[in-house]
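Architecture and fold: a report
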Amino acid sequence: RRLQPNGTAKSICGFCSTGCGLKLHLKDGVAINATPDPDYPVNLGTACPKGWEALTPLDAADRATTPLLHGQPVDWQTAMNVFCEKMKGVLDQHGPGSAAFISTGQMMCEEMAFLGSLTKFGMGLIHGDGNTRQCMATAVTAYKESFGFDAPPFTYADFEESDVMVFIGANPCIAHPIMWQRVLRNKRQPQIIVVDPRTTETAMAATQHYAIQPKSDLTLLYGIAHLLIREGAVDTQFVSESTTGFEEFSTFVQAYTPESVAAATGLTVAQLQCFADTIRAGTPRVSFWWTMGVNQSHQATRTAQAIINLALMTGNIGKPGTGANSITGQCNAMGSRLFSNTTNLIGGHDFKNPAHRAKIAEAMGFPVERIPDQPSLAYDQILEGIESGKIKALWIIATNPSHSWINQKRFNNLLSKLDFFVVQDMYGTTETARQAHLFLPAAAWGEKDGTFINSERRIGFSRQVRRAPGQALSDFRIFRLIAHAWGLGDLFSEWTSPEAVFQILKRCTQDQPCEISGIQDYAMIEKSGGIQWPLKVTDAAAPGFATERRLFADGRFFTPDQRARFIFDPTVPPPELPDADFPLILITGRGTSAQWHTETRTAKSEVLRKLAPAELFLDIHPEDARQLNIRDMSVVMVESRRASLTMKARISPGVCQGQVFLPMHDPRVNQLTHWAVDPFSRQPNYKHCAVRVSPS
Ligand code: SF4
């Protein structure tokens, strides 16, 4: 018998960074169904299949219900005793750098802040990073260097208000389908430029698609800048009043002639000219959007900054329908960027800055000596620390790197070197959780309260509408248990609930570009339909604070001289080029809007499984297939220098000759990928490695 709801509650979707509002239909206070919230300003009554199915993963048969020690159920008291004894043992014997955590962009802001503060200010760890290193670290680094703060300037209204939208390494049609709905609402008949080696779903809707050679994007962007400068198509007033470094940049891009750029990218000079003509200064409103095709690269940060440079030199920032706009990945990647206490001190502060350490210590009521004066190692460096034996204990929370990290075999091998390995997750069945010494069962989205921050800097409130199964606890409650078991109950005495921590976070953002002191409480967030940062107390008094807001409207940035910076470096070739043994380039990426990342949650839904069947295919160009004697849907072997896999091939003109494509959802795909990172953001290069393919 179908349950009839007798109440509703509002919440924010817990999958992607769009941050859609959901209406949850309750039976006696328990959510039994989810539909899009027609009143939420982000999604305007729509949701992608994952949002409609948001509750289903909560009911999965393999939900973790009890702590496990070496696979055997134990009670929480035992689990806490083991956690503290083992962690303290490692730290006492090997020092504060010998234990680390790897966290997630899926937890609430308050939970991220609790974890980062508990570990670094309480337990005495130095190192901890998030899986946001895999998706957003590049945008963070690029914005900080170029704008003086990690500050995505846009608001979703910009999708509807642009005359030209340039998508670089982004496929919002399936990766951010509700943002794409906002594009489709644009009544200005926009030009849509897509730069992507593949003919993606978004590229098919483009008015101009530039199928460049993989990883030639930075060269292309420098070439476009060259043409704009050569033709005087630059907003000289904006450049002179609001930026620094343009003269040096102009000199630098002289070497990127149309002919040399055409040769490197595989485009024609006429195509380059068409691209440049479409975005030249004076074109009413041009917006630039990028995601993982840029961020997951060996020269990711400079590529993101080359996009920023184009927006700056054409004066396309701070106005409706403009911006150099990084679209985030996970539901709370933005929260992780500000509040996780990993490479940044909480609130966008700097661990190395004594004034910042003193400010945060005062805001939290902690002794300043407890704040470390060095940032964490990045994710890849933590893993290398484990490999070299320097890091001996690891605590992974709500992420599944045994599937998602590059060069999977190397990752899984290094786990065996750990003296103590803890995983905290809603399922004990993930590839990562199965290898844990100690497993802690966590509540899921919908089973706890807290805030997320979406791609347009909007803070939304996600509500508890279910009880977690068995003995599973919210991450927040787990961190509280650990604080008490560790002997830190007094230090964290104010950290009693997510909303109490939200008040602490407000204090930590005081006088920062991301200040949120004007948000009184959760009720204000809910009533306003989410609130974009910044919001100072004085802003909240002004009418219209809850409408869509963008940054840099006054042409002033967050650098000391308030000017944005042109930042650039010469292009370098990808770390693993195709050769006679491995002649094809493997590109990985999102394959469907109906599954999320490693499918840990979304594969539990029959509906989503029907929309995106589990069998995944290698896409190969018809001419490569012909030369290799591969038929459509025949089984092939795909080999890189790290692994070989068998799967069916799908012949597709959507990939260019010399390239093949695999969806990242395949649990085996990262056996093939190559461990290389951008030197500035340390984000992994998932998008380019050399493979060969043969009939199996
Ligand atoms: Fe919206 Fe993203 Fe959730 Fe889909 S997954 S409903 S696009 S927030």
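Since this is a predicted model, take the numbers as computed values, not measurements. Every chain is numbered on its own, with residues counted from 1 as its sequence reads. For a predicted model such as this one, the threshold for reporting local features is a pLDDT of at least 70, and the threshold for listing and counting side-chain atom pairs is 80 or more; totals across whole chains, interfaces and linings nevertheless cover every residue.

**Things to note about the domain arrangement of the chain**
What counts as a domain boundary in this text is fixed by an automatic or database domain assignment. Taken as a whole, the chain is organised into domain 1 (7-59), domain 2 (68-135 + 332-494), domain 3 (137-330) and domain 4 (584-695). The centre of domain 2, based on its C-alpha atoms, is set 35 Å off from the matching centre of domain 3. Between domain 2 and domain 3, the residue contacts involve 13 residues of the former and 14 residues of the latter. Residue polarity follows a fixed list, in which Ala, Val, Leu, Ile, Met, Phe, Trp, Tyr, Cys and Pro are nonpolar, Asp, Glu, Lys and Arg are charged, and the others, Gly among them, are polar. Across the side of domain 2 that touches domain 3, the residue classes tally to three nonpolar, six polar and four charged. This entry defines residue contacts through backbone-placed C-beta atoms, with two residues in contact when those atoms are within 7 Å.

**Quick word on the pairing of strand 13 (residues 323-326)**
Residues are called buried when their C-beta atom has 20 or more other C-beta atoms within 10 Å, exposed when it has 12 or fewer, and partly exposed otherwise; all C-beta atoms are positioned from the backbone. The helix and strand labels rest on DSSP assignments: H or I over at least four residues marks a helix, E over at least two residues marks a strand, and numbering proceeds from the N terminus. Neither face of strand 13 is open: one carries Gly323 and Asn325, the other Ala324 and Ser326, and all of them are buried. One ladder, built from four bridges, connects strand 12 (residues 286-290) with strand 13; its direction is parallel. Looking at the pairing, tryptophan 289 lines up with asparagine 325 of strand 13. Paired strands, as defined in this entry, are two strands with at least two bridges between them according to DSSP.

**Examining the nonpolar core**
Residues of type Ala, Val, Leu, Ile, Met, Phe, Trp, Tyr and Cys that are buried and joined through C-beta atoms within 7 Å form what is called a nonpolar core. Counting residues in each nonpolar core, the largest one holds 204 residues, and the members touching the most others are Val166, Ile224, Ile307 and Leu310. Once residues lying within four places of it in the same chain are set aside, the contact partners of valine 166 are Ile193, Ile279, Val286, Phe288 and Trp289.

**Looking at the UniProt feature "domain: 4Fe-4S Mo/W bis-MGD-type" (unreviewed entry) in the chain**
UniProt positions are given in the numbering used here, feature names are shortened, and annotations may be inferred rather than shown by experiment. UniProt records the feature "domain: 4Fe-4S Mo/W bis-MGD-type" (unreviewed entry) at residues 6-62, using the numbering of this structure. Taken end to end, residues 6-62 has its terminal C-alpha atoms 29 Å apart, with 7% of it in helix and 35% in strand.

**Regarding the sheet that holds strand 8 (residues 164-168)**
Strand order across the open sheet formed by five strands is 10-9-8-12-13, with parallel pairing between neighbours. In this open sheet, the two edge strands, each paired with only one partner strand, are strand 10 (208-210) and strand 13. The average angle at which neighbouring strand axes cross in this sheet is 15°, direction not considered. Inspection of the sheet shows strand 9 (residues 191-195) paired to strand 10 by three bridges, in the parallel sense. Directly across from valine 195, in strand 10, lies its bridge partner tyrosine 210. To obtain each axis, a line is fitted to C-alpha atoms, and for helices this fit is confined to the stretch in contact; angles are then taken between N-to-C directions over 0 to 180 degrees.

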